[in-house]
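# Structural description and commentary
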Amino acid sequence: MNNLVLQSERCHNLCGGDNYTTRTEYTVDVAYLDLNLLDTSRNFHRRDDEQGVTCLVLKSNGILVCVDDNGKLVWKVDLNSVLENSSDELIVGWFSVQILAQEKVACCLNRCRGAIATVSLQGNEAPGSTPLVELVGEFENGILAAEWSYDCQVLALVVNQEEEDEQQLHTMLITLTNQFEVLTEVVLESCSLSDTVSESSLASLSWRPDRKWLAVFTSLRRDGDSAEQNSNPSSIVRIYDPSDLALKPPALGRSEDGSGKLLQNLSGPVLAWAGSSCSLLLATAQSIGSKTKICLIESNGLAHGGFTLRDKKCTVNQMAWSPLTMTGGGATILAIHLSTTLGEVDNVVREEKVQLWYRSNYHWYLKQELRFSPSTRIARLLWSTVDGDYLTILLQNGCSHHYKFRWQECITSPSHNNTALVVDGSEILLTPLAQALVPPPMSALSLSLEAPVRHISLTPPPQITGDTDHKIKNEMCDGMLGMAHLSDNSLVVFGTRKADIRSKIQAPEVLAQLGAKTINKAVGFNESTTGISSPCVFHSLLVISVSNDQVGRYGRIDCIAVEMNEPRSSVERILHLKIKYSLMTDETTNDKKSPSAASVECIGKISVPHGRVLTLSLWKDIGTIQPIPSDEVIISAFVQIEDGQLFEYRLCGDDSTGKIARCDMEPLLEPCPWIVGLRQKLQQTDDHRIIGMSWRRRLYCGEVLLADSITSFHVSDRYLCFTTADASHCQLKFIAISQLFELDPFMGASDENVAVVSAQYEPRNIERGSRLITTLANKPMAVLQMPRGNLEGIFPRALVLPHVLSQLVAGNYRNAVEIMRQQKVDLNLLVDWNPTQFLDRGAKDLISQLSNVDHLNLFISSLRNENVTQTIHVLPPWLLHDFSLLTPEKEQFDFSFKVNEVCRKMRNLMGDGVQVGDALLLPVLSTYAKEQPPQLEAALSLIQSKALEQEGEIEFRTLKKKPPLFSDRAQSAFQYLAFLATYEMLFDAALGMYNIDLARAVARNSQMDPKEYIPLLERFRALPRFYSRYEIDLRLKRFPQALRNLVESSSWDEKGNDVVHISNSFKDCLFLIKKHKLHTLGLELFTEQTKTREILIDLGDRLVDSGDVNNALTVLLTIPEPAPIELILKAARRCQDWRTYFSYAVPPQSTETSLEARALAFASQARDFAHEMVSTAATAEKSQKSEILSDAARIMLDYGKEPTEAVDLLIQAELWSEAYRVATFHGTPALMKKCKDAAVSYAHAAIDDLSERVRTFELTMSRYNEVLDLRKEAYRKGTDNPPSENMQADESASLFSASSQLSHLTGASKASVGSTSSSASLSTVISVSSEYSSFSLSGADQMNRHKSKYNQIGQKASKQKKKKVKGRTKVVPGSERELEGLVGTLESVCLDVALSESFTDCITFLSRNSNILVAATMYEAYQDSVARFQDSLSNKRRIDLAARRKHEETARREGTKEEYVVHPLERNVEALKCADLSPDVRRFFDILPPTHLS
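Residues numbered from 1 in each chain as written. Predicted model: local features only at pLDDT ≥ 70, side-chain atom pairs only at ≥ 80, totals over all residues. Heavy atoms only, no water.

### Focus on the overall build of the chain
Short version of the rule: Secondary structure follows DSSP: runs of H or I at least 4 residues long count as helices, runs of E at least 2 residues long count as strands, and numbering of each begins at the N terminus. Residue burial is assigned from relative accessible area. The probe radius is 1.4 Å, only protein chains are included, and a residue is buried under 20% of its type maximum, exposed over 50%, and partly exposed in between. Here a residue-residue contact requires only that any non-hydrogen atoms of the pair lie within 4.5 Å. We get accessible surface area from the Shrake-Rupley algorithm with a probe of 1.4 Å; when it comes to residues, only the shown protein chains can shield them.
On a plain count of helices and strands, the chain comes out with 43 helices and 54 strands. Counting the 1494 residues in the chain, one finds 52% classified as buried. Long-range contacts, defined here as pairs at least 24 residues apart, represent 59% of the contacts in the chain between residues at least 6 apart. For the chain, the exposed area adds up to about 70,700 Å²; of that, 49% sits on carbon and sulfur atoms.

Pasting the structure below:
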């Protein structure tokens, strides 16, 4: 669907204006110098401020000239000077010049003399010096053909050589190196010397681009042959292996019909070998009657494909494949130079043409035709080896025409059905994509013109004005599609004469035509004065305005174009043409197809400042277009010049001349030949955005790079759509236009712009190599052209969802449902886009518009309690804003009840008054089945009630028809309901309704075995009422309802019979309560004390077994007398409620003997109970541990009569004062001393642990600073991810775990030095076991149990090998994990509140019991530790502050905006704080003088 557009056309005179028209003096070849590959010391008189092009021009008489980029002569040499006898005759026949960059010479060839000469391109550095010319050698019989390989490494020649001994003349194929050494040679033809070979013998050579094969075309004519024989010589195409010149089998060009015959009637020695992008085809010409066919030969020698030229009686002179794939196209271009004859026999005029052919989908399109004046002859066709879009045509008069092409789609606006216009010679193929995707090369319509089309410019959309007759004016011009610029410089206006072409496909016609003479006269073109050889005097035609007169008789077209510049002119001008043509048909002839009368006027020629024009384009209006007054209409187009600068051409009024001024938009980052300008109308001014694609396939919006490596793009009303060509996968991507207007064009790749660019909406995977043609407005379809050339329409989600929303906003629910079903869009979107509006109006519209009930059922069955606009079909904020969907009602809507609300709303609208078999019955059933939980009982009840109402139960009994529930309509309703819920669920629901007949009707069409369900239903029918319901509830596992029915059956005293047996006693009820844990319901149903007692006893026993011992004890204590003593004791002992336990352990007695027995019993039980409590205290937390040990000591003291063990337990709980009180109360000096000694021992151990804590804290803080610097540096260099804000220290990863922090110093009291065996037995081992821990407290070693592992005292000299523990991973030094462990260590060893309180209690006890010195030492150690902790933390804060200030100074000095990195774990370290001792202790030591404490 692409057209080849001429972007620029320039004419250069390479010979200083000399026109060589003689037979012997004309330009034959040109070669362009790549100065970067040659000696840069050579002065080619090149300007320093411009990268010019220097070329070598060869004339047929042997004159070789070097011309710089300004057309000035640099040097000139005569190649005939090195030939023998050069002064005796005029030597002509020079035909080739080739630059050998490695050898830094130019090689020239002579056909007549067979000479090979070289011209040195370096060595003579003086200005005006002449290069050195050397003769390499001569072939006596001349050179028939010569061709250099693409890399200029090998030269192939076809020459004639005589063999005098054999009296033979051989036509030889010879290959030479670039050093002119013979590689290989082979004989092509042989004939006798008496048969002189005619000078008109033909030969041609062509290399395959990869130099793998060499093709040779020979067509020898002999002087002795007749005229008929010479008119049809034997022409053969051979293919050789250039390494040894062996024929490649099959080596001859043969036909493709399978006969193996050689190609006949090959015309002219023309060969051209394509590259890999065009299947490596070899092209040659073949005459078939009056027509000429281009044959395409594959590498195997067989002809395959080809095409016939449109011109009759033409001669193919040259062919050239573009060596590179043209940007935007899928294959190379074949340029054909042909000559046609015009006029009669006596007055024959020869016309030179160059046609550009392109293949797509196995069809060859004629995309461009370049015509030249009859007096002009073409010498060479040259494609650029660097830029595949650049073609140079060298004329024999010394002029060169340079053409720059580009591919571009030609698609009309949606008002013209998005019609695609494809150029194929003189035909325009039209396909309305909105109505039919006709695969190329076919088309829906076609328009034939008189000459090949050169350029098409479409009609712009008319501007909306406030005139009352504006609508009539637009309708008169709405049939115009565009203008075509033909190769003969004529203009054609085409379209349809009817105003509305959207109703059906109508063939276009020519509305007006302007001939070349009329155009030339209007623009003032004269070939003799300008020196331009091409008949086309302008290019890049652009229609900027279409209007008509007041009465609608004449149409007016304003268009602009770029004028063809004169040779060596650096200034281009924009032509403004005003065309006027008749809108009325010729009433005299009544011929509606004849072109109307037209006239053209050039109202202005405006010079383009600062360069040459690259593109002309119109603005595309985005958003709502407001009408403007007709006198304020401004017609404008923007102009991009070759360096990327943007200008705007503005035309105000009807007859005024336009002006060009610099656009207020900044240019793109690089020139873009494909460009679109967006204009958004605002209240005060207009906002503009420029979107362009560069030659390097980069997509820009202003100075922002949107995408790299794209293949095509298209701008619709809502999206910027583009296709990518990534190596992994290709996608069709979308960026909202509204998002593009949020870009800041002056910020470049800022974070805000990057966020907008990355917010691409719903990309779609496509086939690699696909190109986007257009997107349709009336349907959400994107048209793609596949690499093969065929069309494909896809429906991306990015187009479907906005289209669906637009239909929903307009209330067209039927269209929305159709497109959603086709494109598999979740139907929940019908509700979720605006739930409130759907419940208010949308549900009613949906029911009324959907004529197909299945669609309504599909919608109801797909409902879910979720918002699909946030899960499946996420709607971005800009799309919600476009459709005004950001409403507070939607935010307040509870989507967790969406299904139930929609179902109830739909059911209320459809009504319950439908009959069985009605169309809306099934949707009503769907609403019941879809509710959560499903209302299957209501659905079944609806079917039953409607069936009974329709048939009538009385009629059934009198007429003996089948039951209503077994009717066809009722059964079909059951079958439909089974699609939403299985038959098993329906059967259970019917049983749950206790309706046996309904259950049987449901089971009739199910997969249930009648041998199973019929006896079951009969049994239920035979049982008493409540007992039958009881068994049904048991089957359905509705145990609470079963218990209620069983109780009702017992209360009604239902009895069984001989057939069925029932059991409904309280024992059965209690069994059901126990089995299914229905105690709460049982207590509600039974009020008798005896029955509730049994239920409560079972409930308490169950709670004890399940572990809920506290509630079990409470339940058991609520049971009236007699109490279940054993269960109460069991529960009290399990929950360690010793007060309740000992209250019920021995029944109260009144005699003294019973009291003694009670005391003995309590003493035995107390010790066991206390030991159980102590065992649980080992695993409890510190606060709970003290309480448990205190309770255990109370039991030992009150019931066990063991004051010694009570004191040991209080010491373990670190309750010094209470332990000393008990020891004093019992008057035991040993126990009193034991309390003091334990406190002193704890004080010494605590002092040692304080020093270890301080040392560990300082070492860890040092390592923490090092690791923190490493982590920050890694983040700044980009070698690591930034730290997370939610990151917290992992306590399990610390060297001192949390368990160590909570019980760090508890071992001092548990294993005091003065403890007896009883206290030692209660001592436990407390250790820190974590992945990174290396600190432990152990009670086994009395000497070293309070010592850290960092302390070397007491350790053995030999190190024991540690066993590897499975599951542990090694921590990498400097990693994030090590940093987390270090922070955990700092938090663990810091002096917390629990440790402060423990120190306060111990210091207070020692001070009050004559151990003031130990207390003072403990106080001073704690205060010194706090000071060292604070110093370390203060030093850390000073380091951080200095680092931050240094970073800020560096940033200000270097001008960077890099933020200072703050790790989240630093906040944990900054929050560390040591807890102080109590104020009373500190005040006490402040009162006492230091001398008193020494």
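### Quick word on the pattern of salt bridges
Condition: Every case where a carboxyl oxygen of Asp or Glu lies within 4 Å of a side-chain nitrogen of Lys or Arg is listed as a salt bridge.
Taken as a whole and assessed by the stated rule, the structure comprises 44 salt bridges. Between Arg1021 and Asp997 there is a salt bridge; the shortest N-O distance is 3.0 Å. With Arg1021 in helix α21 (residues 1010-1022) and Asp997 in helix α20 (residues 996-1003), this pair connects stretches of sequence that are 24 residues apart. Residue Asp1237 is joined to Lys1233 by a salt bridge in which the shortest nitrogen-to-oxygen separation is 2.7 Å. Linking Asp1237 with Lys1233, this pair stays in helix α34 (residues 1229-1276), spanning four residues, or about one helical turn. Overall, the relative accessible area of 53% leaves Lys1233 in the exposed class. Salt bridges here are not isolated pairs; linked through shared partners, they connect Asp311, Lys353, Glu369 and Arg371.

### Description of the confidence of the model for the chain
Stated formally: pLDDT is defined as a per-residue confidence score from the predictor, taking values between 0 and 100.
Taken as a whole, the chain shows an average pLDDT of 79; of its residues, 80% reach a score of 70 or greater. Predicted confidence is poor over residues 956-960, with pLDDT under 50, and the contacts of this stretch with residues over four places away or in other chains come to four contacts.

### Some details on the sheet that holds strand β32 (residues 453-458)
Note the cut-off: One bridge is not enough; two strands pair if DSSP finds at least two bridges between them. Helix axes are fitted only over the stretch in contact, all axes being lines through C-alpha atoms; the angle between N-to-C directions runs from 0 to 180 degrees.
Pairing in this open sheet of four strands is antiparallel, and the strands run β32-β33-β34-β35 from one edge to the other. Each edge of the sheet is formed by a strand with only one pairing partner; in this case those strands are β32 and β35 (509-514). Between one strand axis and the next, the sheet turns by 25° as a mean value, whatever way the strands run.

### Let's talk about the pairing of strand β26 (residues 378-383)
By the criterion of burial, β26 is predominantly enclosed, with five of the six residues buried. Summarising the sheet, β26 and strand β27 (residues 390-395) pair through five bridges and their orientation is antiparallel. Within the sheet, the bridge partner assigned to Arg380 lies in β27 and is Leu394. Between the end of β26 and the start of β27, which pair antiparallel, lie six residues.

### Looking at the nonpolar core
A general feature of soluble globular proteins is that nonpolar side chains tend to end up buried together. What counts here: Here, nonpolar core means buried Ala, Val, Leu, Ile, Met, Phe, Trp, Tyr and Cys residues that are tied together by side-chain atoms lying within 4.5 Å of each other.
Counting residues in hydrophobic clusters, the biggest one holds 109 residues, and the most contacted among them are Leu830, Phe838, Leu846, Phe859, Met906 and Leu940. Among the elements that line this core, the one with the most residues is helix α7 (residues 797-809), at seven residues. Not counting chain neighbours up to four residues away, the residues in contact with Phe838 comprise Tyr813, Leu830, Val831, Ala843, Leu846, Phe859, Val902 and Met906. Core analysis: the second largest hydrophobic core is formed by 93 residues, Leu1113, Trp1216, Val1267 and Leu1382 among them.

### Thoughts on the packing of aromatic side chains
As a reminder of what qualifies: By convention, a stacked pair of Phe, Tyr or Trp rings (six-membered ring in the case of Trp) has centres within 6.5 Å and planes under 30 degrees apart, an edge-to-face pair has planes over 60 apart, and any other such pair is tilted.
Using the criterion set out here, one finds 25 aromatic pairs in the structure. With a centroid separation of 5.6 Å and 90° between ring planes, the pair formed by Tyr719 and Trp878 is classed as edge-to-face. A residue pair is termed long-range when its members are at least 10 positions apart, and Tyr719 in strand β49 (residues 719-724) and Trp878 in helix α12 (residues 877-882) qualify at 159 residues. Owing to a relative accessible area of 9%, Trp878 belongs among the buried residues under this scheme. With a centroid separation of 4.4 Å and 10° between ring planes, the pair formed by Tyr1419 and Phe1485 is classed as stacked. Note that Tyr1419 is positioned in helix α40 (residues 1412-1454) and Phe1485 in helix α42 (residues 1479-1487), a separation of 66 residues in sequence.

### Here's the deal with the side chain of Thr412
Definition in use: For this analysis, a polar contact is any N or O atom pair within 3.5 Å, provided that within protein one partner can donate a hydrogen and the other can accept it, and provided that sequence-adjacent residues contribute only side-chain to side-chain pairs.
Within the secondary structure, Thr412 sits in the loop between β28 (399-409) and β29 (419-424). A distance of 3.3 Å separates the side chain of Thr412 from the backbone oxygen of His416, its partner in a polar contact. In this structure the side chain of Thr412 is engaged in a polar contact, spanning 2.7 Å, whose partner is the backbone nitrogen of Thr419. Residue contacts for Thr412: discarding those within four places in its chain leaves Asn418, Thr419, Leu421, Leu458 and Leu481.

### Points about a nonpolar patch on the surface
Our working definition: Only residues whose relative accessible area exceeds 30% and that take part in no salt bridge are eligible for patches, with like-charged residues grouped when within 9 Å of each other and nonpolar side chains (Val, Leu, Ile, Met, Phe, Trp, Tyr) grouped when within 5 Å.
A surface patch of nonpolar side chains, about 220 Å² in accessible area, is lined by Leu1117, Ile1125 and Tyr1144. Along the chain, Ile1125 turns up in helix α28 (residues 1125-1134).

### Examining the packing of helix α32 (residues 1203-1212) against α34
For clarity, the threshold we go by: An angle counts as roughly parallel when it lies under 35 degrees, as roughly antiparallel when it exceeds 145, as roughly perpendicular when it falls between 65 and 115, and as oblique in every other case. A crossing counts as left-handed when the near helix is turned anticlockwise from the far one by less than a right angle, and as right-handed when that turn is clockwise. Here the nonpolar group is Ala, Val, Leu, Ile, Met, Phe, Trp, Tyr, Cys and Pro; Asp, Glu, Lys and Arg are the charged ones; every other residue, Gly included, is treated as polar.
Their axes nearest at 11 Å, the elements α32 and α34 cross at an angle of 15°. Taken as axis vectors, α32 and α34 run roughly parallel relative to one another. Every pair of crossing elements has a handedness; the one defined by α32 and α34 is right-handed. Here Pro1203, Thr1204, Val1207, Asp1208 and Ile1211 of α32 lie close against α34, whose contacting residues are Leu1231, Lys1234, Cys1235 and Ala1238. Split by residue class, the contact of α32 with α34 holds six nonpolar, one polar and two charged.

### Concerning helix α10 (residues 835-849)
Residues spaced three or four apart along an α-helix point in a common direction, a consequence of the helix completing one turn every 3.6 residues. Our working rule: The span expected for a helix works out to 1.5 Å for each residue beyond the first. We define the bend at any residue as the angle between the axes fitted to the seven residues before and including it, ending there, and the seven starting there.
Across its 15 residues, α10 extends only 18 Å between first and last C-alpha, which sits more than 12% below the 21 Å expected from 1.5 Å per residue. Along α10, the sharpest kink reaches roughly 55°, centred on Arg841. Within α10, burial applies to Pro835, Gln837, Phe838, Leu839, Gly842, Ala843, Leu846 and Ile847. In the core, the buried residues of α10 are packed alongside α8 (813-822), α9 (829-832), α11 (853-861), α13 (888-892) and α14 (898-910).

### Remarks on unusual backbone geometry
A cis amide bond links Pro440 with the next residue in sequence, Pro441, at an omega value of 10°. If you trace the backbone, Pro441 turns up in the loop between β30 (427-432) and β31 (445-448). Cis geometry marks the peptide bond from Gln932 to Pro933; its omega dihedral reads 0°. Phi at Lys104 is positive, roughly 60°, even though this residue is not glycine.

### With respect to the sheet that holds strand β8 (residues 115-120)
Pairing within the open sheet is antiparallel, and its four strands lie in the order β6-β7-β8-β9. One side of each edge strand has no neighbouring strand; the edge strands of this open sheet are β6 (94-100) and β9 (133-138). Taking each pair of neighbouring strands and ignoring which way they run, the sheet shows an average axis angle of 20°. Of the strand pairs in this sheet, strand β7 (residues 105-110) and β8 are connected by five bridges, and their pairing is antiparallel. Opposite Ala106, over in β8, you have Val119 as the bridge partner.

### A few points about the side chain of Lys733
Mapped onto the elements of the fold, Lys733 is located in strand β50 (residues 730-736). In this view, Lys733 contacts Leu720, Cys721, Phe722, Thr724, Gln760 and Pro763; residues no more than four positions away in its chain are not counted.

### Regarding the pairing of strand β23 (residues 334-342)
For β23, the buried fraction is high: seven of the nine residues fall into the buried class. Inspection of the sheet shows strand β22 (residues 314-321) paired to β23 by seven bridges, in the antiparallel sense. Pairing of Val316 across the sheet is with Leu338, part of β23.

### Some words on the packing of α14 against helix α15 (residues 921-930)
Interhelical geometry of α14 versus α15 gives an angle of 155° and a closest axis separation of 9 Å. By the angle between their axes, α14 is roughly antiparallel relative to α15. At the point where α14 passes α15, the crossing takes the left-handed sense. Contacts between α14 and α15 involve Val899, Cys903, Met906, Arg907 and Met910 from the former and Pro923, Val924, Thr927, Tyr928 and Lys930 from the latter. For the contact of α14 with α15, the residue count by class is seven nonpolar, one polar and two charged.

### Looking at the environment of Trp878
Separated by 139 residues in sequence, Trp878 and Gln739 place their C-alpha atoms 7.5 Å apart. Those residues in contact with Trp878 that lie beyond four places of it in its chain are Arg718, Tyr719, Ala736, Ser738, Gln739 and Tyr761.

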